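Examining the three-dimensional arrangement
Listed below are the residues making up each chain.
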Amino acid sequence: MPLPAQSQENLNSHPAVPALSAAQRSNLFPLTAAGYAWWRQRSLRALGADYTLEREARLFRARCSPRAGQRWLDVGTSAGFYAGVLARAGCEVLAVDISAPMLREGARREPDARIDWAQLNMERSDLPTGAFDGVTVGATLNETRGPAALLRECARVLRPGGQLWLMYLRRTGGPLQALFERPAAGGLNFPDPAWVQRQLPGLTRTDALAVGAVQFERYVAGAASSERETL
Ligand SMILES: C[S@@+](CC[C@H](N)C(=O)[O-])C[C@H]1O[C@@H](n2cnc3c(N)ncnc32)[C@H](O)[C@@H]1O
């Protein structure tokens, strides 16, 4: 698959590519990339959800059943957690991130020929429409400057019947979230699940699970189906 040509330079300044939030910029530093896997291993527990990475991987596999030969896109891959889970299930994976140091860290931690790594901003990706059987978005929704644009792009690249798996910190209305939403303190987003659902009009939410402030959701492109709310 031909990959779009976005460089470090146009990620930040090209008029056609969205600007970056402070949180996104912090991920461009090699030091952030080097420490990310350590934080990710502990982050959900630190945020009040009793989830190890192994448990999160089991939940994802149980809900999405990724299969050998499927083509998946991992959006904001960082250290490559979802890319690795998918590759071990036999999927072909395109792992994308705005951060070159994160991509290098991912490729180092998950050396697998089934994973391609590409630097691009998923708010405007130029990836082919309908090209993927599935898309994973692990917490990238919280960091991206334009979450609506990112969700629209994820929906566009899914084939009919394809799956979208989201993990994000949802809005709680707490003072810490209000602080980190400020542009100078990161410009993070804490979306409400109803808002997320409104951004995905062509998709059906089939699964929604809230654990502490952490939200796991599965959507299917086009399908109408009943929703599972708990584990
Ligand atoms: C919270 S980390 C994601 C961790 C990873 N998905 C996981 O589950 O372990 C967010 C990552 O998304 C990347 N990112 C943020 N906005 C992005 C965008 N618009 N397009 C692509 N990558 C983005 C950041 O550089 C960072 O590496």
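Coordinates for the structure precede this section.
Below is a summary of the structure that appears in this document. (Residues numbered from 1 in each chain as written. Predicted model: local features only at pLDDT ≥ 70, side-chain atom pairs only at ≥ 80, totals over all residues.)

1. Some thoughts on the overall build of the chain
Selection criterion: Think of it this way: any DSSP run of H or I at least four residues long counts as a helix, any run of E at least two long counts as a strand, and we number them from the N terminus. To assign burial, the other C-beta atoms lying within 10 Å of each residue's own C-beta are counted, with C-beta atoms placed from the backbone; 20 or more indicates buried, 12 or fewer indicates exposed, and intermediate counts indicate partly exposed. Remark: residues whose backbone-derived C-beta atoms lie within 7 Å of one another are considered to be in contact.
Counting its regular elements, the chain contains 10 helices and 7 strands. Of all 231 residues assigned to the chain, the portion counted as buried reaches 42%. Across the chain, every contact between residues at least 6 apart in sequence was considered, and the portion connecting residues at least 24 apart equals 62%.

2. Thoughts on the environment of Phe81
Examined against the element boundaries, Phe81 turns out to sit in helix α5 (residues 81-88). Since 26 C-beta atoms lie within 10 Å of it, Phe81 is described here as buried.

3. Regarding the site of the ligand
Applied cut-off: Any residue whose backbone-placed C-beta atom lies within 6 Å of a molecule or strand is treated as near that molecule or strand. For this scheme, ten residues count as nonpolar: Ala, Val, Leu, Ile, Met, Phe, Trp, Tyr, Cys and Pro. Four count as charged, namely Asp, Glu, Lys and Arg, and the remainder, Gly too, count as polar.
Taken together, the neighbourhood of the ligand is formed by 23 residues, with Asn27, Gly76, Ser78, Gly138 and Ala139 sitting nearest. Secondary-structure elements contributing two or more residues to the shell around the ligand are α5, β2 (92-97) and α7 (140-143). Per-class residue counts for the shell around the ligand are 9 nonpolar, 10 polar and 4 charged.

4. Thoughts on helix α6 (residues 100-109)
What counts is decided by this rule: The arc refers to the directions leading from the helix axis to the C-beta atoms.
Residues of α6 that are buried: Met102, Leu103, Glu105 and Gly106. Down the axis of α6, the buried side of the element spans an arc of 160°, and every buried residue falls inside it.

5. Section: the pairing of strand β7 (residues 214-221)
Stated precisely, the cut-off is as follows: In this scheme, strands are said to pair when DSSP sees at least two bridges between them.
Of all 8 residues that make up β7, 8 are buried, and the element is covered over most of its length. Alternating positions in β7 separate into two faces, Val214, Phe216, Arg218 and Val220 on one and Gln215, Glu217, Tyr219 and Ala221 on the other, with burial throughout. As judged from the 7 bridges shared by strand β5 (residues 158-169) and β7, these two strands associate in the antiparallel manner. In the sheet register, Gln163 faces β7, and the bridge partner there is Val220. Across 8 bridges, the pairing between strand β6 (residues 203-211) and β7 is antiparallel. Residue pairing in the sheet places Ala210 in a bridge with Gln215 of β7.

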